[in-house]
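Overview (structure and organization)
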Amino acid sequence: MTNPHYSICAFIVITLFTSPILGQPIPIFDNDLTRLGACYRGSDYEGALACLDKLAHVAEPIKAPLTVLKARVYVKMGKSQEAIELLEELRKGQDLSATGQLAATTLLASLQYSAKRYTKAIPLLQSLLTTFPHHRQRYELRFKLADALHHAGRKRESVEEFLSLGASRLQKRPARLAFKRLYRQFVANSFPRSLKQETWLDWGRLLLKKRHYTKALDVVVPMIEAAEPKKRSKKKKKKSKLWRNVGKLSPKLMAEAYILGGEIELRRKNGWWARRLFLNATKQKVGSATKAKALFLAGEAMYRISLYGRAKKHYRNVLSKYPKSTHAGAALFKLAVVAKREGKSKTALANYQRLVKKYPKSWFSKNVAWEMGLEYYEQKKWRSAAKSFGDFCRVAPKDRLVPTAQYWQAKALSHAKDWTGVRKTLKSLLEWPLPGLYHLAAVRHLKRPKSKGFPKGLPMPRFDNYENSLMLLVNQVPTRPRNGWKTMPEHLRSDVIERVALLKESSLWEPLADELERLVHLNSGSGPLRNNLAWAYERLGDFPGAIEQGEIIMSRDEPFKDIDRGLVLDKLFPRPARLPFKKYAKSFKVHRPLVYSVAREESRFDPELVSWAGAKGVMQVMNSTGRWICQRLKVKGFEPERLYDPKLNVRLGCWYLDYLATRFKGLRDALLLVISSYNAGPGNVSRWLKKFDGEGGFETFVESWHLEETRFYVKKVARALICYELLDGPIDG
């Protein structure tokens, strides 16, 4: 007969192991999971397997994630076949939206690819990228898919996939490798003969984007030669083998080839030759939209070489021949710009007014409103300027220039002595979700007593002692939360909430991110889920992914309807502890929030990022700049590839900030000049300072720059600096 005391004890043990309290696992279970997390992170894979075997019968809520984790452990131990068998068993009869299937399919696809089982890897990779287009490993997966297609004999599809990856906005390592693969094939003339003509044009556009102008012409010229065989010389005929593969182009593709050739020549500063190619495109039997575009670009070619008379002729031809095309409004806009360059302010203003009446809802209407505002402001027509800046805010309420437009609207109203309007406009400026340069100026002006009114033109207060004014913005940004995690939404099933809680408490970041990615896919509008996914990305060191999730939350109509403001800003402005910011900021006496701000806007803390201009790493150091700084710091053995090392890159970036601070020391708004110089170069900023003779503060100076990128850059870095200061409070170093 069974001992009753033994039966009671057995019942208690079984209950404890199989029924943990929701969100609060029992101590024994918690200790096993914690030990598992510690073993996995510490590369003790034998210990991790022992923990996984122990949890096999009691970890039902997280059975699938732990199975995937076990497969990962097998991979780390070199047992890929065991991992494949485990994952294939897990995936039977399950779709990608089921628990653990996203991670299982991702790992299985990578293993099949590594094992050179390309026919098995291809459908897995395709299903992943179709179902989860924003997968955190999408760049790596796309590269593997393209390579697998190549090895499987599907070379045309492979080239198209490599091309799509190489043209991606963020130039991460897989995108750069994709371009290199294509470039080698192109130089070796080994592109597949079955390649579509459209793909050739896309390849030429990518070469143009990468600034390989000569090679881009090698793509376009044979296409044009194929259409004009009589004009092809014998010398070129021997060299140009490509045209035989391309074949005869349709009129539409022929026009696109001419346009692409013109754009290449325009980049090479051959304006006359570019114009000829653009005009050849208008002679093709194509629609009015393509002809209008080509004719407009012919005007652009003349505008670039300062032949404004010929440029105006082409713009007017667009207006007269294709008045209903999208480029007609653009041509009228350029006519206004040309008139302004020629000093004909009245003509420029008349053209802007025609644009507003004729094309009220066009894609460039915000540009028109902005330019009209500046034009009226220069002519001291204050009410009209204020109205135009207000129109800009109404046409594009979420545009990044809205705070700038609101501040300039207030400037115009101050000249008109409309103190009520000034106060109202500045208060509406403070409602913008993220505080920046103009918020700081607005609160300083609003602090003035009502009886004194406002100074004419609202010159921007000095930025040198901006820290003293941050308390005026303290209500705009809450302090950084101690724990950036958000309570899971209540509408989720209890087992889902329990699973997430167990993975989080055991510090199993990869399975946690996998589970949250699945949940975000099923509940894409949930702020708490995106916040928690960003939190998991931060634990994995994926700060670009965390910032991306924060930006998605901010892009909603009501960003903070289901999540606290501080949690979102915590993800938008992270502080990577793994990167040596603290060390080198202190070493070169650079304010650490400034280093965070520059790094965030330059690379989003991605060590492998490369800009189209060739700047590398976290703080985006150019090869020539890196070599020069290494010489100054006496760092031996500099190679461009070393810029991918975060330690060296951050060290060089911090030194350069200190160098710029020394160069502009003593000047008004020196910190803003340092930020501007980091983007445009100190030489450009110094030249702008010498030419600048306008009145007012830094806002007048910055809006007079011809480089749009730098105008936005200085505002973005200043915004990040203010947000970091408000989130974290005073930081030494």
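Note that the coordinates shown come from a computational prediction; the quantities given were computed from them, not determined experimentally.

Our next topic: the overall build of the protein chain. A count of helical and extended segments in the protein chain gives 38 helices and 0 strands. Scaling as 2.2 N^0.38, a compact globule of 733 residues should have a C-alpha radius of gyration of about 27 Å, and the protein chain matches this with 30 Å. Overall, the protein chain is about 110 × 80 × 55 Å in size when its C-alpha atoms are taken along their principal axes. The proportion of buried residues among the 733 residues of the protein chain is 55%. Partitioning the contacts of the protein chain with sequence separation of at least 6, the portion at a separation of at least 24 is 61%. Of the roughly 35,400 Å² that the protein chain leaves accessible, carbon and sulfur atoms contribute 51%. Positive and negative side-chain charges in the protein chain, numbering 132 and 70 respectively, have mean positions lying 10 Å apart.

For the rest of this paragraph, the subject is a nonpolar patch on the surface. Together, W272, I305 and L307 line one region of the surface with nonpolar side chains, adding up to about 250 Å² of accessible area. With respect to the secondary-structure elements, I305 resides in the loop between α17 (288-304) and α18 (308-321). By relative accessible area, I305 is classed as partly exposed at 30%.

Inspection of the secondary structure assignment puts I675 in helix α35 (residues 670-680). With 639 residues separating them along the chain, I675 and L36 place their C-alpha atoms 46 Å apart. Here I675 is in contact with L594, Y713, V714 and V717, once residues within four sequence places are set aside.

For L52, the position within the fold is in helix α3 (residues 45-55). Residue L52 is classed as buried on the basis of its relative accessible area, which comes to 6%. In this structure the C-alpha to C-alpha distance between L52 and L33, which are 19 residues apart in sequence, comes to 8.6 Å. Sequence-distant contacts of L52, defined by excluding residues within four places in its chain, comprise L36, L66, L69, K70 and V73.

Glancing now at the pattern of salt bridges. If you walk through the whole model with that rule in mind, you get 42 salt bridges. The partner of D570 in a salt bridge is K571, with the nearest N and O atoms 3.1 Å apart. One exposure class covers both D570 and K571, and it is buried. Three or more residues joined by partner-sharing salt bridges are found here, namely R72, R136, E510, D514 and E517.

In this structure, L36, W203, L426, L516, F581, M619 and F698 are the most contacted members of the largest nonpolar core, which totals 244 residues. With 12 residues, helix α38 (residues 708-728) is the single largest residue contributor to this core. If we skip the residues at most four places from it in the chain, L516 touches W485, M488, V500, L529, N532, L533 and A536.

Now for the packing of helix α9 (residues 155-166) against helix α10 (residues 173-187). Helix-helix packing is described using two parameters, namely the angle between the two axes and the distance between the axes. Remark: α9 packs on α10, axes separated minimally by 8 Å, with the N-to-C direction vectors making an angle of 130 degrees. Taken together, the axis directions place α9 and α10 in an arrangement best described as oblique. The handedness of the crossing between α9 and α10 is left-handed. Contact with α9, carried on its side by V159, F162, L163, L165 and G166, involves P174, A175, A178, R181, L182 and Q185 of α10 and no other residues of that element. A per-class count over the contact of α9 with α10 returns 8 nonpolar, 2 polar and 1 charged.

What follows concerns the packing of aromatic side chains. Tallied over the entire structure, the rule returns 36 aromatic pairs. For the pair F296 and Y315, a centre-to-centre distance of 5.6 Å together with 40 degrees between the ring planes defines the contact as tilted. In this pair, F296 sits in helix α17 while Y315 sits in helix α18, placing the two residues 19 residues apart along the sequence. Taking the relative accessible area as the measure of exposure, Y315 reaches 0% and is therefore buried. Their ring planes at 65 degrees and their centres at 5.7 Å tell us that F698 and F701 sit as a pair that is edge-to-face. In this pair, F698 and F701 both sit in helix α37 (residues 698-703), 3 residues apart, roughly one turn of the helix. Summarising the burial analysis for this pair, F698 and F701 share the class buried. Here a set of aromatic residues connected by ring pairs shows up, and it is made of F179, Y183, F186, F191, W200 and W203. Taking NZ or CZ as reference, K334 lies 3.9 Å from the ring centre of Y303, over its face. R400 extends its terminal NZ or CZ atom over the ring of F712, reaching a point 3.6 Å from the ring centre.

What follows deals with helix α8 (residues 138-151). For α8, spanning 14 residues, the distance from its first C-alpha to its last is 20 Å, which sits close to the expected 20 Å at 1.5 Å a residue. For α8, a buried count of 10 out of 14 residues is recorded, marking the element as mostly surrounded by other parts of the structure. Here α8 has its buried residues at R138, Y139, L141, R142, F143, L145, A146, D147, A148 and L149.

In the predicted model, the protein chain carries a mean pLDDT of 87, and the fraction of residues at 70 or more is 91%. When pLDDT is averaged over each helix and strand of the protein chain, the minimum, 38, is found for helix α1 (residues 4-18) and the maximum, 96, for helix α34 (residues 646-663). A low-confidence stretch, residues 1-28 stays under pLDDT 50, and its non-local contacts, those more than four residues away or across chains, total 13 contacts. Confidence over residues 232-244 falls short of pLDDT 50; this stretch has 14 contacts with residues more than four positions distant or in other chains.

Glancing now at the packing of helix α26 (residues 494-505) against helix α27 (residues 509-522). In the contact formed by α26 and α27, the axes pass within 8 Å of each other and the chain directions differ by 150 degrees. With respect to α27, the element α26 is oriented roughly antiparallel. Read as a crossing pair, α26 and α27 show a hand that is left-handed. Mapping the contact onto sequence places V496, R499, V500, L503 and K504 in α26 and W509, P511, L512, E515, L516, R518 and L519 in α27. Class assignment for the residues of the contact of α26 with α27 results in 8 nonpolar, no polar and 4 charged.

Okay, unusual backbone geometry next. The phi dihedral of S43 is positive, around 65 degrees, even though this residue is not glycine. Mapping S43 onto the fold places it in the loop between α2 (27-41) and α3. You can call S43 partly exposed: its relative accessible area is 46%. With a phi close to 55 degrees, N189 is a non-glycine residue in the positive phi region. Position of N189 among the secondary structure elements: in the loop between α10 and α11 (197-209). When its relative accessible area of 41% is taken as the criterion, N189 is described as partly exposed.

This part takes up the state of the cysteines. All chains considered together, the criterion is met by 0 disulfides. Here C39 is not cross-linked by a disulfide; its sulfur's nearest cysteine counterpart is in C51, at 4.6 Å. You can see C393 has no disulfide; the closest cysteine sulfur is in C723, sitting 19 Å from it.

One can find S676 in helix α35. Discounting residues that sit within four places of it in the chain, S676 has contacts with G681, V685, F698, W705, T710 and V714.

Checked against the element boundaries, E515 lands in helix α27. Once residues within four sequence positions are removed from consideration, E515 is found in contact with T99, G100, V496, R499, V500 and L503.

Parameters and conventions
- Every chain is numbered on its own, with residues counted from 1 as its sequence reads.
- Only residues with pLDDT of 70 or above have their local features reported here, since the model is predicted, and side-chain atom pairs are shown and tallied only from 80 upward, although totals for entire chains, interfaces and linings are computed over all residues.
- Computation of side-chain values covers all heavy atoms of the structure but excludes hydrogens and water.
- For helices the rule is a DSSP run of H or I covering at least 4 residues; for strands it is a run of E covering at least 2, with both sets numbered from the N terminus onward.
- Using C-alpha atoms as the atom set, the radius of gyration is obtained and then compared with a globule rule of 2.2 Å times the number of residues to the power 0.38.
- Relative accessibility under 20% of the residue-type maximum defines a buried residue, over 50% an exposed one, and the middle range a partly exposed one, all with a 1.4 Å probe and only protein chains included.
- Two residues qualify as a contact provided that any one of their heavy atoms is within 4.5 Å of a heavy atom in the partner residue.
- Here, Shrake-Rupley sampling with a 1.4 Å probe gives the accessible areas, and only protein chains in the shown set may cover a residue.
- Working convention for charge: Lys and Arg count positive, Asp and Glu count negative, and His plus the chain ends are omitted.
- Note that the charge is assigned to NZ on lysines, CZ on arginines, CG on aspartates and CD on glutamates.
- Surface patches are defined over residues having more than 30% relative accessible area and no salt bridge, joining like charges when they lie within 9 Å and nonpolar side chains (Val, Leu, Ile, Met, Phe, Trp, Tyr) when within 5 Å.
- By definition, a salt bridge exists where a carboxyl oxygen of Asp or Glu is found within 4 Å of a side-chain nitrogen of Lys or Arg.
- To define a nonpolar core, start from buried Ala, Val, Leu, Ile, Met, Phe, Trp, Tyr and Cys residues and group those joined through side-chain atoms within 4.5 Å.
- What counts as an axis is a line fitted to C-alpha atoms, over the stretch in contact for a helix, and the angles between N-to-C directions run from 0 to 180 degrees.
- The labels follow the angle: roughly parallel below 35 degrees, roughly antiparallel above 145, roughly perpendicular from 65 to 115, and oblique for the rest.
- Note: crossing handedness is left-handed where the near helix turns anticlockwise from the far helix by less than a right angle, and right-handed where it turns clockwise.
- All residues other than Ala, Val, Leu, Ile, Met, Phe, Trp, Tyr, Cys, Pro, Asp, Glu, Lys and Arg, Gly among them, are scored as polar; the first ten of these are nonpolar and the last four charged.
- Here the aromatic set is Phe, Tyr and Trp, taking the six-membered ring for Trp, and pairing holds for ring centres within 6.5 Å; pairs whose planes are under 30 degrees apart are stacked, those over 60 apart are edge-to-face, and all others are tilted.
- By definition, being over a ring means that NZ of Lys or CZ of Arg is both within 6 Å of the ring centre and within 35 degrees of the ring normal.
- How far a helix is expected to stretch is found by multiplying one less than its residue total by 1.5 Å.
- For every residue, the predictor assigns a confidence score, pLDDT, that lies between 0 and 100.
- Disulfides are defined as cysteine sulfur pairs within 2.5 Å.

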